[in-house]
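The chain contents come next:
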Amino acid sequence: MVSVSLCMIVKNEEDVLERCLESAAGLADEIIVVDTGSTDRTREIAARFTSRIFDFLWRDDFAAARNESFSHAAMDYCLWLDADDVLLEGDRAAFRTLKETLDPEVCVVMAPYHTGFDESGRVAFSYYRERLIKNRAGMRWEGAVHEAISPKGKVLYADFAVTHRKTRPSDPDRNLRIYQAQLAAGKELDPRQQFYYGRELYYHQQWEEALGVFERFLAEGRGWVENNIDACGLCAACRQRLGQPEAALTALCRAFAYDRPRAETCCELGRWFFERERYNQAAYWYALALTCSRDDRRGGFVSPDCYGYLPCIQLCVCYSRLGELKRAEEFNELAAACKPDSPAVLRNREWFRSQAAYSECDSQRD
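These remarks concern the structure in this document.

Rules used in this analysis
- Residues numbered from 1 in each chain as written.
- Predicted model: local features only at pLDDT ≥ 70, side-chain atom pairs only at ≥ 80, totals over all residues.
- Heavy atoms only, no water.
- Helix = DSSP H or I, 4+ residues; strand = E, 2+ residues; numbered from the N terminus.
- Buried < 20%, exposed > 50% of the residue type's maximum accessible area, 1.4 Å probe, protein only.
- Contact = heavy atoms within 4.5 Å.
- Areas by Shrake-Rupley, 256 points an atom, 1.4 Å probe, with all protein chains shown as cover.
- Lys, Arg positive; Asp, Glu negative; His and termini not counted.
- Charge placed at Lys NZ, Arg CZ, Asp CG, Glu CD.
- Polar contact = N/O pair within 3.5 Å; in protein donor to acceptor, adjacent residues only side chain to side chain.
- Pairing = 2+ DSSP bridges.
- Right-handed = clockwise from strand over helix to strand, strands pointing away.
- Core = buried A, V, L, I, M, F, W, Y, C linked by side-chain atoms within 4.5 Å.
- Phe/Tyr/Trp six-rings, centres within 6.5 Å; stacked < 30°, edge-to-face > 60°.
- Lys NZ or Arg CZ within 6 Å of the ring centre and 35° of its normal.
- Salt bridge = Lys/Arg side-chain N within 4 Å of Asp/Glu carboxyl O.
- Expected span 1.5 Å × (residues − 1).
- Arc of directions from axis to C-beta.

1. What about the overall build of the chain?
In step 1: Looking only at helices and strands, the chain has 14 helices and eleven strands in total.
In step 2: Referenced to the eigenvectors of the C-alpha coordinate spread, the extents of the chain come out at roughly 85 × 45 × 40 Å.
In step 3: A burial count over the chain gives 50% of its 366 residues as buried.
In step 4: Summarising the internal contacts of the chain: among those between residues at least 6 apart in sequence, 66% fall at separations of at least 24.
In step 5: Total accessible area computed for the chain in this model is approximately 17,600 Å², and 49% of it derives from carbon and sulfur atoms.
In step 6: Both charge centroids of the chain, one from 48 positive and one from 58 negative side chains, sit 2 Å from each other.

2. Examining the environment of Ala161
In step 1: Note that Ala161 resides in the loop between strand E10 (154–157) and strand E11 (162–164).
In step 2: The residues touching Ala161, leaving out its near neighbours within four places in the chain, are Leu87, Asp91, Pro112 and His114.

3. Concerning the side chain of His164
In step 1: With respect to the secondary-structure elements, His164 resides in strand E11.
In step 2: At 3.5 Å, the side chain of His164 forms a polar contact with the side chain of Asp84.
In step 3: Here Asp85 takes part through its side chain, which lies 2.7 Å from a polar atom of the side chain of His164.
In step 4: For His164, the residues in contact, after removing those within four places along its chain, are Asp84, Asp85, Tyr113, His114, Thr115 and Phe117.

4. Considerations on the pairing of strand E1 (residues 4–10)
In step 1: Among the seven residues in E1, seven count as buried, and that is most of the element.
In step 2: Relative to strand E4 (residues 77–80), E1 runs parallel, the two being bridged by four bridges. Its bridge partner being in E4, Cys7 is matched across the sheet by Trp80.
In step 3: Here six bridges tie E1 to strand E2 (residues 30–35), and the two strands are oriented parallel to one another. Of the residues in E2, the one forming a bridge with Leu6 is Ile31.
In step 4: What joins E1 to E2 is helix H1 (residues 17–24), and the crossover it makes is right-handed.

5. Regarding the environment of Tyr258
In step 1: Along the chain, the position of Tyr258 falls in the loop between helix H9 (245–254) and helix H10 (263–274).
In step 2: Classification of Tyr258 by relative accessible area gives partly exposed; the value is 26%.
In step 3: Residues Tyr258 and Val225, 33 residues apart in the sequence, show an inter-C-alpha distance of 6.3 Å.
In step 4: Those residues within four positions of Tyr258 in sequence are excluded, and the remaining contacts are Leu218, Val225, Asn228, Ile229 and Cys232.

6. A look at the nonpolar core
In step 1: Core analysis: the largest hydrophobic core is formed by 119 residues, its most contacted members being Leu6 and Phe160.
In step 2: Every residue in contact with Leu6, bar those within four places of it in the chain, is listed here: Leu21, Ala24, Ala28, Glu30, Ile31, Ile32, Leu79, Trp80 and Leu81.

7. Some points on the packing of aromatic side chains
In step 1: Summed over the entire model, instances satisfying the criterion amount to 22 aromatic pairs.
In step 2: A network of ring pairs unites the aromatic residues Phe70, Trp80, Tyr113, Phe125, Tyr127, Trp141 and Phe301 as a single cluster.
In step 3: Seen from the ring of Trp141, Arg66 lies directly overhead, with NZ or CZ sitting 5.5 Å from the centre.
In step 4: Its guanidinium or amino end placed over the ring of Trp207, Arg241 lies 5.1 Å from that ring's centre, counting from NZ or CZ.

8. Examining the pattern of salt bridges
In step 1: A full pass over the atoms with the stated rule returns 32 salt bridges.
In step 2: Measuring nitrogen to oxygen at the nearest pair gives 3.8 Å for the salt bridge that ties Arg48 to Glu44.
In step 3: Take Glu44: its relative accessible area is 46%, and that puts it in the partly exposed class.
In step 4: Where Arg353 meets Glu350, a salt bridge forms, and the shortest distance between an N and an O atom there is 2.4 Å. With Arg353 and Glu350 both in helix H14 (residues 343–365), this residue pair falls three residues apart, about one helical turn.
In step 5: Looking at Glu350, the relative accessible area reads 48%, which means it is partly exposed.
In step 6: Among the ionic contacts, a cluster of salt bridges with common partners joins Asp118, Arg122, Asp305, Lys339 and Asp341.

9. Focus: helix H7 (residues 207–220)
In step 1: The first and last C-alpha atoms of H7 sit 20 Å apart over 14 residues, in line with the 20 Å expected at 1.5 Å per residue.
In step 2: For H7, the full list of buried residues reads Trp207, Ala210, Leu211, Val213, Phe214, Phe217 and Leu218. The buried residues of H7 occupy an angular sector of 165° when the element is viewed end-on, so they sit on one face. Counted as exposed and oriented over 90 degrees from the buried face of H7: Glu208 and Ala219.
In step 3: On its buried face, H7 sits against helix H6 (191–203), helix H8 (225–241) and H9.
In step 4: Positioned one or two residues after H7, Gly221 has a phi angle of 70°, which is positive.

Here it is in structure tokens:
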């Protein structure tokens, strides 16, 4: 069985750290906590689980802090978690099994990272991250923000997931501030960092600036295919907010130049036509979304609803607007198979029942 070092970087995490460490207790053979300047009870909480707590002067560089945490690791593999991450019980069991059976030749274990959830707690946004990294194998974190490790050697895709459960908002300006400081110092962003810089501008509603970054990113042609596809969608969103709907449509279609259609892109195209009451065309794109195979191991951002529930519920609305009520009801039931407790599904059922009752009364009068 391989051994695992849990490596964490923390700062003022007293509200979530205990939850995280308890979820990882018994899975890691050692716990390393690198503190970047906490002023609350973070160190006190960490000390209940480990004596291996180290100070690290924060310098607006997440990769540097994570590399510091890995430098203290003594076990075969390094597992990283953020303080507001948690391993749920089923994932703990899957991790334990993996640890007992992992081939030591594996250099990197990729695992799903669940970061968005719907009103019922179902996963609404997920993507694979490098989660277990072979120690002393020459792999290092890169990127001051949205840091990552480029996998090398044998890669395994695991069944356990890490769940990200925030309890409070983080500093919304931190990442953009770091990027802007880097640019002011003359640093050239690599393609991945350029993409994420554009996203930070987008989150800050700086539509024109974000659009410029994404357009340059795509024009340079050095980006990873999944980032390219996402950039097309973000260009479309910027164009839409700048009052350029036709250009937004063109940006969405550009995504098809990089790979076969993703359901997320098809749903956005469906929405574009739906908002203009062009229901036949909207239905085409939502139906196409249902034919797209979901492959989380591509590594891109995945919105699970786009591969089932969302196109079905939208097809229900499209066909009801087109007067095809039987077909609309069929798609509502397909949506119900994905989310039985969906308020939209339940409202639609009531509406269909009312329409059936009205039709029955009408036929009796005849």
